[in-house]
Amino acid sequence: MKSQGAAAAATAGPGAAPAPGRGRRAGAPGPAGRRQGRDGASGTPGKGPARRRIRRQLVTSPWLFAAPGLAIVGVFILYPFVSTVINSFTDKRQLVEGKYVGLANFRELLHDDMFWIGLRNSTLYVLVVVPALVVLPLLLALLVQKQIPGITFFRSAFYTPVVASIVVVGLIWVWMLDERGLVNAVLEAVGAGKVGFLSDQWLLLFSAMAVTVWKGLGYYMIIYLAALANVPRELHEAAAVDGAGPVRRFLSVTVPAVRSTMVLVAALSSVAAFKVFSEVYLMAGPTGGPAGEDTTLVMLVQRTGTGLTGRVGYASAISVVIFVVTVALMLLVLRADRKEDA
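Presented here is a report on the structure given in the accompanying data block. (Residues numbered from 1 in each chain as written. Predicted model: local features only at pLDDT ≥ 70, side-chain atom pairs only at ≥ 80, totals over all residues. Heavy atoms only, no water.)

1. Remarks on the packing of helix H6 (residues 151-163) against helix H9 (residues 201-228)
Move 1: Where H6 contacts H9, the two axes come as close as 6 Å, and the packing angle between them is 120 degrees. What the angle tells us is that H6 and H9 run oblique. Relative to H9, the crossing made by H6 is left-handed. Each of Arg 155, Phe 158, Tyr 159, Pro 161 and Val 162 in H6 lies in contact with H9, whose residues at this interface are Trp 214, Lys 215, Gly 218, Tyr 219, Met 221 and Ile 222.
Move 2: Looking at side-chain class alone, the contact of H6 with H9 contains eight nonpolar, one polar and two charged residues. (Axes fitted to C-alpha atoms, helices over the stretch in contact; angles between N-to-C directions. Helix = DSSP H or I, 4+ residues; strand = E, 2+ residues; numbered from the N terminus. Parallel < 35°, antiparallel > 145°, perpendicular 65-115°, else oblique. Left-handed = near helix turned anticlockwise from the far one by under 90°. Contact = heavy atoms within 4.5 Å. Nonpolar A, V, L, I, M, F, W, Y, C, P; charged D, E, K, R; others polar.)

2. Let's talk about unusual backbone geometry
Excluding glycine, residues mostly have negative phi values, and the peptide bonds linking residues are mostly trans.
Move 1: Residues other than glycine seldom take positive phi values, yet Leu 95 does so here, at roughly 65 degrees.
Move 2: Tracing the backbone shows Leu 95 in the loop between helix H3 (49-87) and helix H4 (104-110).
Move 3: For Leu 95, a relative accessible area of 79% translates into the label exposed. (Buried < 20%, exposed > 50% of the residue type's maximum accessible area, 1.4 Å probe, protein only.)

3. Topic: the packing of aromatic side chains
Move 1: As enumerated under the stated definition, the model contains seven aromatic pairs in all.
Move 2: Here the basic side chain of Arg 311 rests over the ring of Tyr 314, its NZ or CZ set 4.6 Å away from the ring centre. (Phe/Tyr/Trp six-rings, centres within 6.5 Å; stacked < 30°, edge-to-face > 60°. Lys NZ or Arg CZ within 6 Å of the ring centre and 35° of its normal.)

4. What to know about the packing of H9 against helix H12 (residues 259-274)
Packed helix pairs are specified by the crossing angle of their axes together with the interaxial distance, meaning the distance between the axes.
Move 1: Viewed as axis vectors pointing N to C, H9 and H12 meet at an angle of 165 degrees, and their least axial separation amounts to 10 Å. As the angle between them shows, H9 and H12 are arranged roughly antiparallel. Seen along the crossing, H9 lies across H12 with a hand that is right-handed. Only Thr 261, Met 262, Val 265, Leu 268 and Ser 269 of H12 make contact with H9, whose side of the interface consists of Tyr 220, Ile 223, Tyr 224 and Ala 227.
Move 2: When the residues that make up the contact of H9 with H12 are grouped by side-chain class, the tally is seven nonpolar, two polar and no charged.

5. Some points on helix H14 (residues 297-305)
Move 1: When we look at burial in H14, the residues that qualify are Leu 297, Met 299, Leu 300, Val 301, Thr 304 and Gly 305.
Move 2: The positive-phi residue at the C-terminal boundary of H14 is Gly 307, with phi of around 90 degrees.

6. Section: the nonpolar core
Move 1: Ranked by internal contacts, the top residues of the largest apolar core, which has 61 residues, are Tyr 125 and Ile 318.
Move 2: Going through the elements one at a time, helix H5 (113-144), helix H7 (166-177), H9, helix H11 (246-257), H12, helix H13 (278-284), H14 and helix H15 (312-341) are the ones with two or more residues in this core.
Move 3: By residue number, the principal contributor to this core is H9, which donates 14 residues.
Move 4: Dropping the residues within four chain positions of it, Tyr 125 is found in contact with Val 130, Leu 205, Ala 208, Met 209, Thr 212, Ala 273, Val 276, Glu 279 and Val 280. (Core = buried A, V, L, I, M, F, W, Y, C linked by side-chain atoms within 4.5 Å.)

7. Topic: H7
Move 1: Between its first and last C-alpha, H7 extends 16 Å over 12 residues, near the 16 Å set by a 1.5 Å rise per residue.
Move 2: Along H7, the residues that are buried comprise Val 169, Gly 170, Trp 173 and Leu 177. Along H7, the residues classed as buried sweep out an arc of 95 degrees about the axis, all on the same side. Facing away from the buried side of H7 by over 90 degrees, the exposed positions are Leu 171 and Trp 175.
Move 3: The elements touched by buried residues of H7 are helix H8 (182-189), H9 and H13. (Expected span 1.5 Å × (residues − 1). Arc of directions from axis to C-beta.)

8. Some remarks on a nonpolar patch on the surface
Move 1: There is a patch of nonpolar side chains on the surface, built from Phe 81, Val 82, Ile 86, Phe 323, Val 324, Val 327, Leu 331 and Leu 334 and spanning about 710 Å² of accessible area.
Move 2: Of all the secondary-structure elements, those providing two or more residues to the nonpolar patch are H3 and H15.
Move 3: Here the element with the most residues in the nonpolar patch is H15; it accounts for five residues. (Patch = residues over 30% accessible without salt bridge, like charges linked within 9 Å, V, L, I, M, F, W, Y side chains within 5 Å. Areas by Shrake-Rupley, 256 points an atom, 1.4 Å probe, with all protein chains shown as cover. Salt bridge = Lys/Arg side-chain N within 4 Å of Asp/Glu carboxyl O.)

On their own, these measurements won't tell you what the molecule is for.
Structure below.
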């Protein structure tokens, strides 16, 4: 038997593979076959080029989708913000590069009467407009929430000022409140005298506030309608069974249910009110009303930083103050909300 096996090996030649031994089955793969089974296409993928390519795609693909949005944010938000902060520490003017002056612009703000007038008007705007825009749209949403015939028309009518151009809205109210306008004509017809809505300092400012509230009612009404749709009707029915009237149900059921929405509305309206520009500018004019007494901070930025002689550095310092105050308003609203939760 041994001689026959040796003769067969000699006959096959030196390049022939050895015959399988007794310890390994004839069809069992060797070490090279096992590696091919692990790394090849027919086996489980290992740590090869394909797996590394998939990992790279998983890392880079989200950034490729977000790249256009990030580019827009960087060009139109981050870069102007950083540029404004840097310019606030310089004496830069239009068409003239500025030099670093440290906190000189902020020290000048403390002695600028127009800055304190603008801060007063912007703060007063927040104190008057924000409570109105938190409460009135909620009441309006409760009225139009009823499913009665024709309610869609009223919802559209209340929302129309939101989609109207602020320039058109401002011009309409200027025409109505002018000394020869519709409101004064009605007052004269009923025997009352004319009222200087656009010539008196405080009447002009409160008239602009009324326009802001009127234009924002429909927008915040839609937000409240979405919140009221999630209030369970069983809560109102249970309160009614306990003998609670409409006012009691409003205070005990509706207000707690939409409190988070009220916080959101307060935050949005406070920031918008502090940065008010269009309403006051259209009704008071570029000068900011009589002797500039109705100027807001944003109007002061526009007046100071524009034109060939505009002080860009000083206007940037005012803009930084506006940013700090708006962030403080947001934090105050959130802090008040957390206290109520506690």
